[in-house]
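Coordinates in review
If you want the building blocks of each chain, they are given just below.
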Amino acid sequence: MMMMMRTPTVVRILSTATPKEEVNTGPVVREEGSGKHLKITAQNTRLPVIAQAVVIDIREESPTVRGLTLQVDNPDFTFRAGQWVDMFIPGMETVGGFSMYSSPILLSETGTLQLGVKFSRWPPAYWVHKQCKIQSKVAIRAGGDFYYSPEVGEASYDLLLVGGGVGINPLASMFLHANTLHQIHKKNPEKYRPGKILLLYSAKTYEELLYKTLLDNISSSTPETAVQYFTTREQPASASSPVKYGRITQEVLKSAIDSLDTSSLKTFICGPPPMIENINQHLLSCGLLQNQIFYEKWW
């Protein structure tokens, strides 16, 4: 079942992190750039399996984000949509923490998972961008308490996903997972049926809108899914572009909420802390309850 957190905050570092000394501000709020992944996530749930993985594909998802596909041949290794992995890199003391953007069902069907890692000089991210090669080997362990994992028999509900920058990673995993569950339900009505899924995704520039082709293909083929894009530092190339210029405002959120069933709506947010705080307040102003809002900060 989906994890219901009493306070919708998560202590975790995503792939944008740049290391600094950890600031002692409590178990949740951390100084931007804090890179001590294991300490920051010490209170998060971790699955018991540490699996060996091999890099089988490397691609440039954007000018700053590199995508990896890992082959994992351990059938005991699993994860839930929205979770991350600890990455143990041979010869490196620092443990990485990166989000999957692929669906857990892809792992169960093919034994692969996909990561999106933004460039920084934090050693694990730097290794991904400058040293990682096809057939590089790492060890991984899944964890995190921010996830979407409905089960058969659970009531259907709509999803509103709001992402900023590389914070799209866990939300893309949820979006893909919900889409796959829709396809499974259409073939077998006894399986879980998701509600509508709307993704609002903001990036600085068009080039930094990650996985756009993949997301567009899903939204065009599955009527229950939709994506809206926003850029904050670059005007769309033409007036007819589906990408909107500007931030995700309260008005945008109100329109999104009005298109969904608010009685059981769940909202997941992932992005920079200032964005999350603004979106959270806007959602409350639009009438959502705090227990309908779940978020994960990267810093």
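Here the structure is a predicted model, which is why all the values come from computation and not from measurement. (Residues numbered from 1 in each chain as written. Predicted model: local features only at pLDDT ≥ 70, side-chain atom pairs only at ≥ 80, totals over all residues. Heavy atoms only, no water.)

Some words on helix α3 (residues 123-130)
Three or four residues apart is the spacing at which side chains of an α-helix point the same way, because the helix has 3.6 residues per turn. What α3 keeps buried is the set P124, A125, W127, V128 and H129. Along its buried surface, α3 packs onto β2 (65-72), β3 (84-88), β4 (96-99), β5 (112-118) and β6 (137-143). (Buried < 20%, exposed > 50% of the residue type's maximum accessible area, 1.4 Å probe, protein only. Helix = DSSP H or I, 4+ residues; strand = E, 2+ residues; numbered from the N terminus. Contact = heavy atoms within 4.5 Å.)

Side note on the sheet that holds β3
Pairing is antiparallel in the open sheet, where six strands are placed in the order β4-β3-β6-β1-β2-β5. The sheet is open, and its two borders are formed by β4 and β5, each paired with just one other strand. Strand-to-strand twist across the sheet, computed as the mean angle between neighbouring axes with direction ignored, equals 40°. Examined bridge by bridge, strand β1 (residues 51-60) and β6 share four bridges and lie antiparallel to one another. Bridge assignment links A53 to a residue of β6, and that residue is V138. Each of β2, β3, β4, β5 and β6 touches α3; the most contacted strand, β5, lies at about 105° to it. (Pairing = 2+ DSSP bridges. Axes fitted to C-alpha atoms, helices over the stretch in contact; angles between N-to-C directions.)

Let's talk about the pattern of salt bridges
Going through the model one piece at a time under the given rule, you end up with eight salt bridges. A salt bridge links R66 to E60, with the nearest nitrogen and oxygen atoms 2.7 Å apart. Of the residues examined, R66 reaches a relative accessible area of 15% and is grouped as buried. In this structure, D216 and K212 form a salt bridge, with 2.8 Å as the shortest nitrogen-oxygen distance. With D216 and K212 both in helix α5 (residues 212-221), this residue pair falls four residues apart, about one helical turn. (Salt bridge = Lys/Arg side-chain N within 4 Å of Asp/Glu carboxyl O.)

Comments concerning the nonpolar core
Within the largest apolar cluster, 34 residues are counted, with the highest numbers of intra-cluster contacts made by L161, L171, F175 and L199. Secondary structure elements with two or more residues in this core: β7 (159-164), α4 (168-187), β8 (197-203), α5, β9 (225-231) and β11 (266-271). Looking at which element gives the most residues to this core, the answer is α4, with eight residues. With 25 residues, the next largest nonpolar core counts V85, L113, A125 and V138 among its residues. (Core = buried A, V, L, I, M, F, W, Y, C linked by side-chain atoms within 4.5 Å.)

It is worth stressing that arrangement in space is one thing and function is another; only the former is reported here.
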